[in-house]
Each structure stands twice: as C-alpha cells, then as structure tokens.
Amino acid sequence: MRKLKKALIGLVTPALVGLVGAYLYLVAVPPELLRVGSGYASKIICSASALSGRDPGEVLKVDVQAPGNPLLRGFGIAPDPQTGAIRAAFLRFVAPAASLPRPGLGCALATDGDSARAAALSAPPAPGPSASTAPWPEGEGTGPADPALAAILADDTLAGPGMRGIVVVRGGRIVAERYGPGFDAATPQLGWSMTKSVTAALVGTVVDAGKLGLDQDHLLPAWQDDRAAITVAQLMSMSSGLRFNEDYGDVSDVTRMLYLEPDMAAFAANQPLDHAPGSTFSYSSGTAVLLARIWQDAVGDDALAWPRQALFGPLGMGSAVMETDEAGTFVGGSYLYATPRDWARFGLMLLQQGQWQGKQVLSPDFAAMMAQKSAADPVYAKGMIWQEGPGDDRPGADLEYGVPDDAFWLEGHDGQSVAIVPSAGLVVVRMGLTPSREGYRPQKLVAALVKAGAPG
C-alpha cells in the first residue's frame with residue numbers, strides 16, 4: 001500500500017506543478033515576465049559558477065531568490081556538470097531558459113533557444129589574478145593594513161549589509177581590505193552598471209587609436225533618419241534622446257533587452273527618438289550596449305580581443321571578463337566580472353588621469369573628460385561616471401556626507417561602487433549584495449576613510 005501511495009504521489013505531484021505553472025503562465029503572471037525570470041536566473045547563476053567558481057545552488061538561493069522578489073523563489077535550475085550550462089525554469093518546467101559558458105567570455109543566454117549560436121563565440125582567456133608577490137598593483141602582494149583604516153572597514157554599519165569585498169587604495173597601494181564570507185581577493189565579482197564606466201574607457205582606447213571620434217555621427221546602419229545625428233559624445237553622456245525604459249520591476253526595455261533579446265544592440269538601436277539628441281539626460285543600459293557595438297564595429301575583426309589587449313592587459317586586470325550577448329556584442333552596461341583588486345586597478349588608472357606604470361592607457365584628455373560635468377545632467381559626467389555617490393544624486397550631496405567635492409564614482413546595482421577621490425589620493429572599492437531597500441550609502445564609508453587619512 002505504501003508503495004502504491006508513493007507511486008501515486010509521484011504521478012500527481014508533477015501534474016499539480018504543471019497545472020499551477022500553466023495557470024500562472026497563462027493567467028496570473030505575464031508569460032514574458034516568467035521568461036525574464038528564467039533568463040535572469042540562468043544567466044546570473046551560469047556566470048557566477050563559470051567566472052567566480054561559486055556553487056550554482058548557492059547562487060540560486062542567495063543571489064537570485066533571497067533579495068526579495070517573491071516570484072523568483074519559484075524558479076529552479078538544472079546544471080549540466082559536463083558543459084557548465086545552466087537551465088532555469090519556473091516550477092522547473094515553465095518558461096525555461098538556458099545559459100552557456102564560452103571561453104574567455106563568461107556565459108551567454110540563449111534567448112532564442114539557439115544553444116549552438118550562444119556557445120559559438122570565444123575570446124582569449126582571462127589569465128586570472130597575478131601569481132606575482134610584487135607589491136600591488138604590479139602584483140598581488142600587500143603589506144600590513146593601516147590599523148586605523150582596518151578598524152573602519154571592520155565597522156559593519158560602514159561596510160554595509162551584504163558586503164562581499166572592500167579595497168582601499170591610497171598612494172597607489174592597497175592599505176586596507178576586507179572580504180565577506182565565501183569571498184576573497186581572488187573572487188571575481190559582477191560590477192553591474194559599473195561596467196558602463198569601463199565601456200566608456202574602452203571607447204576612449206578606440207578614440208585614442210584613431211578609429212572613432214567623439215563628434216562622429218551616422219553611427220549605425222539602422223540610423224538613416226533623425227537618429228543619424230546622434231554622436232558618440234551624446235551616447236557617452238546619456239543624452240542621445242533615444243527612448244529606453246530602465247525600470248527593472250517588470251518587462252521593460254532593459255529587462256527585455258537583457259533577458260529576451262538575442263541581439264541587444266539591434267533592440268536598443270531600433271528605439272525611436274523621444275528628444276532631440278543632446279538635449280535631455282536619460283539613463284539607459286541600452287545606450288552602453290550601443291556604444292559597445294559602435295566601438296566593436298570601429299575595431300573590426302579584433303573586437304573580442306580588444307578589451308584585454310587595450311585595457312585589461314595593460315592594467316594587470318587578469319581576472320576581468322566582459323561578457324557578450326548571443327550575437328557577440330559586449331553587454332557594456334551590465335556584465336563585467338573582476339576581483340575587487342582589479343576594480344581598484346581601474347579606479348587607480350582614472351585617478352592617475354589614464355596613466356599606468358609610466359604609460360598612458362588612456363590619453364590624459366580623455367581620462368579627464370570622463371569625469372567632467374555634462375550639459376545634460378547636473379551629476380552625470382561626460383564619460384558614464386557619476387559626480388555624486390549612490391542613492392543621492394543632488395548636486396553637492398557628497399559634501400554633506402563629508403566626501404570631498406572632487407570625488408567621482410562608478411556605481412552598480414545592489415551596492416557596487418568605486419569612489420575616486422583625487423584630493424585624498426584615494427580609491428575605495430565596495431562590492432556586495434545590498435538591495436536598494438537597505439538604504440546603504442557608501443559615502444559614509446568613504447568619508448570616514450578620507451578623515452582617517454587626513455593630515456593632523
């Protein structure tokens with residue numbers, strides 16, 4: 001009798017799951033929203049497993065399901081231990097999506113189900129963090145932490161909830177760092193929208209190489225109408241005038257682009273103009289993807305190798321991997337993985353006006369321009385950089401926290417930030433899983449570090 005009951009339960013349970021899933025798919029939840037959820041879960045878990053060496057089940061539980069969206073708790077995954085591919089679906093059967101690892105490019109989501117196309121591309125592999133014990137940034141060697149700064153990092157209220165890594169650079173050297181449970185100096189972490197600032201720097205390397213111009217227009221074949229007037233500089237300052245909904249709470253332009261479209265650049269390029277180019281600020285991850293497509297087209301056949309050749313290699317960012325979409329465009333607004341120390345290397349290069357080890361990785365004019373105020377917005381600079389810290393975009397807000405007025409920021413979803421403070425010779429990287437509802441402000445951490453390093 002027990003065996004019969006178990007057999008019946010085994011038959012009935014999948015049927016009930018299927019019925020519930022069908023109801024949600026057809027009635028309660030828009031089908032596209034479930035597809036977005038599957039795509040998000042699949043992509044994030046695949047990349048964290050392939051690039052950071054994390055357990056897929058842990059990433060599902062901690063990174064995907066825990067942050068708060070109740071719908072995401074209904075998604076399950078089926079990892080392929082041989083290929084590293086991650087299949088995700090709602091209630092394990094509904095609205096499935098798969099992401100696949102690719103050499104040198106992390107993972108790509110097969111949004112149209114074409115797994116072979118998604119897995120086809122490759123790039124030179126990232127060498128990983130340096131094995132050299134030479135002092136950072138030449139190698140990975142660090143001396144004793146500054147006791148005063150280490151005490152600041154030990155303060156959980158300043159480090160913030162969900163902290164996964166903090167690196168403090170002063171005088172060109174790491175003077176303090178701290179890591180969360182399960183993370184260390186060798187763990188690459190996703191920068192989310194901090195990737196936009198790196199995309200801007202990559203544009204700079206292409207401009208410096210004479211392959212692209214900031215005032216260049218007629219940038220894409222699809223733009224033969226009023227969009228032809230859009231320039232590289234306007235894209236860099238988020239003032240192209242293109243329509244783009246950046247709301248992450250629903251099936252919007254940004255979630256559709258990231259999790260439903262195989263060719264993200266084509267999707268973003270097809271958006272109409274809402275405003276005259278150069279007239280209005282509108283924050284857009286689609287804009288960063290367009291810039292990636294534009295600089296890749298300018299570079300040509302070597303585009304997939306360019307980030308490592310032109311930027312990551314010269315800076316010693318051995319862990320850095322920028323991922324592409326299924327069509328081969330770098331997802332320049334969202335998907336760069338690097339260790340906190342490598343994010344700090346990028347910040348130090350900006351602090352040094354594009355200079356690295358006596359050479360210019362970026363021309364000093366371009367590096368300076370990236371942090372200059374744009375005409376389109378009072379706090380968003382010309383090179384995809386913020387002039388005020390996360391969560392408080394009022395002009396002068398940094399000063400109210402005690403952060404010097406010359407500070408500028410890289411900012412990313414869920415609590416990622418890099419603060420560059422020229423007057424203090426300071427770079428502060430803070431990584432984590434810290435949803436905005438936590439109200440965390442890294443400005444307080446940066447202000448405390450600035451004060452502790454001030455003379456007298």
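From a predicted model like this one, the values you see are computed outputs, not experimental measurements. (Residues numbered from 1 in each chain as written. Predicted model: local features only at pLDDT ≥ 70, side-chain atom pairs only at ≥ 80, totals over all residues. Heavy atoms only, no water.)

J.: When you look at the overall build of the chain in this model, what are you seeing that I'm missing?
T.: Across its full length, the chain carries 16 helices and 14 strands. When the backbone C-alpha atoms are referred to their principal axes, the chain occupies close to 80 × 55 × 40 Å. When each of the 456 residues of the chain is scored for burial, the buried share is 55%. Put simply, of all contacts in the chain between residues at least 6 apart along the chain, 62% involve residues at least 24 apart. Accessible surface, the chain as shown: approximately 18400 Å² in total, 55% of it carbon and sulfur. (Helix = DSSP H or I, 4+ residues; strand = E, 2+ residues; numbered from the N terminus. Buried < 20%, exposed > 50% of the residue type's maximum accessible area, 1.4 Å probe, protein only. Contact = heavy atoms within 4.5 Å. Areas by Shrake-Rupley, 256 points an atom, 1.4 Å probe, with all protein chains shown as cover.)

J.: When you look at the pairing of strand S6 (residues 173-179) in this model, what are you seeing that I'm missing?
T.: Regular strands place their side chains on alternate faces of the sheet. As defined by bridge partners, strand S5 (residues 163-170) adjoins S6 across 6 bridges and the pair is classed as antiparallel. Counterpart to Gly165 in the pairing with S6 is Tyr179. (Pairing = 2+ DSSP bridges.)

J.: Honestly, the side chain of Glu326 in this entry has me stumped. Any pointers?
T.: Summarising the element assignment, Glu326 is placed in the loop between strand S8 (321-322) and strand S9 (336-338). Among the polar contacts listed, one links the side chain of Glu326 to the backbone nitrogen of Thr111, at a separation of 3.1 Å. In contact with Glu326, other than residues within four places in its own chain, are Arg102, Leu109, Ala110, Thr111, Asp112, Asp114, Arg117, Ala118 and Pro262. (Polar contact = N/O pair within 3.5 Å; in protein donor to acceptor, adjacent residues only side chain to side chain.)

J.: How should I be thinking about unusual backbone geometry in this particular structure?
T.: In most cases, non-glycine residues show a negative phi, while peptide bonds are predominantly trans. Residues Trp136 and Pro137 are joined by a peptide bond in cis, for which omega reads 15°. Within the fold, Pro137 resides in the loop between helix H4 (115-118) and helix H5 (147-153). With a phi angle near 55°, Met238 is a residue other than glycine that sits in the positive phi range. Tracing the sequence through the fold places Met238 in the loop between helix H8 (232-236) and helix H9 (253-260). Here Gln353, not a glycine, exhibits a phi torsion of approximately 55°, which is positive. One can find Gln353 in the loop between helix H13 (340-351) and strand S10 (355-356).

J.: Please clarify how the sheet that holds strand S7 (residues 189-190) should be interpreted in this entry.
T.: Paired through backbone hydrogen bonds, the strands of a sheet run either parallel or antiparallel to each other. Overall, antiparallel pairing links the 3 strands, which are arranged S7-S9-S8 in an open sheet. Each edge of the sheet is formed by a strand with only one pairing partner; in this case those strands are S7 and S8. Contacting S7 and S9, H13 crosses the sheet at an angle of about 110° to S9. (Axes fitted to C-alpha atoms, helices over the stretch in contact; angles between N-to-C directions.)

J.: Just to check I follow, could you spell out the nonpolar core for this structure?
T.: It is characteristic of soluble globular proteins that their nonpolar side chains tend to be buried jointly. By size, the foremost hydrophobic cluster in this structure holds 138 residues, and its most contacted members are Trp295, Leu311, Trp343 and Phe346. With 9 residues, helix H2 (residues 31-52) is the single largest residue contributor to this core. In this view, Trp343 contacts Gln189, Gly191, Met194, Thr195, Val198, Leu336, Ala338, Leu410, Val418, Val429 and Met431; residues no more than four positions away in its chain are not counted. (Core = buried A, V, L, I, M, F, W, Y, C linked by side-chain atoms within 4.5 Å.)

J.: In this structure, what is going on with the state of the cysteines? I would like to understand it.
T.: By definition, a disulfide is the covalent link that joins the sulfur atoms of two cysteine residues. This structure, assessed with the given rule, holds 1 disulfide. The disulfide that involves Cys46 links it to Cys107, with 2.1 Å between the sulfurs. In this structure, the disulfide formed by Cys46 and Cys107 twists by about -70° around the S-S bond and is classed as left-handed. Placement of the pair is Cys46 in helix H2 and Cys107 in strand S4 (residues 106-109), with a sequence separation of 61 residues. The same class applies to Cys46 and to Cys107, which are both buried. (Disulfide = S-S within 2.5 Å.)

J.: Whenever I open this one, the environment of Leu212 confuses me. Can you help?
T.: Within the element layout of this structure, Leu212 appears in the loop between helix H7 (194-208) and H8. Sequence separation between Leu212 and Ser115 is 97 residues; the distance between their C-alpha atoms is 33 Å. In this structure Leu212 touches Val203, Val206, Val207, Val232, Ile294, Trp295 and Ala298, once residues within four positions along its chain are discounted.

J.: Please explain the pairing of strand S2 (residues 86-90) as it appears in this structure.
T.: Judged by how many residues are buried, S2 sits mostly within the fold: 4 of 5 residues are covered. Bridge count between strand S1 (residues 75-79) and S2: 5 bridges; the pairing is antiparallel. Following the sheet pairing, Ile77 is matched in S2 by Ala88. Counted along the chain from S1 to the antiparallel partner S2, the turn is 6 residues long, and its residue Gly84 has a positive phi close to 85°. Looking at chain direction, S2 and strand S3 (residues 94-102) are connected through 4 bridges and run antiparallel. The partner of Phe90 across the bridge, within S3, is Val94. Counting the residues in the hairpin turn of S2 and S3 gives 3 residues, including Leu91, whose phi is positive at 50°.

J.: I tried to follow H13 on my own but got confused; where do I start?
T.: Residue pairs three or four apart in sequence face the same way in an α-helix, which turns once every 3.6 residues. Between its first and last C-alpha atoms H13 spans 16 Å; for 12 residues at 1.5 Å apiece the expected length is 16 Å, and the two agree. With 12 of 12 residues buried, H13 lies mostly within the body of the structure. Three or more residues of H13 are buried, namely Pro340, Arg341, Asp342, Trp343, Ala344, Arg345, Phe346, Gly347, Leu348, Met349, Leu350 and Leu351. A positive phi of about 55° marks Gln353, the residue just after H13. (Expected span 1.5 Å × (residues − 1).)

J.: Looking at this model, I keep getting lost on the sheet that holds strand S12 (residues 408-412). Mind explaining?
T.: Spatial strand order, S6-S5-S14-S13-S12: 5 strands in an open sheet with antiparallel pairing. If you trace the sheet from one side to the other, it starts and ends with S6 and S12, each paired once. Neighbouring strand axes in the sheet, compared pairwise and without regard to direction, differ in orientation by 5° on average. Two elements, S5 and strand S14 (residues 426-432), share 7 bridges in a ladder whose sense is antiparallel. When the bridges of S14 are listed, Val169 appears paired with Val427. Across the face of the sheet, H7 comes into contact with S12, strand S13 (416-421) and S14 while running at roughly 120° to S12. Lying over the sheet, helix H16 (residues 442-453) contacts S5, S12, S13 and S14, oriented at roughly 145° with respect to S14.

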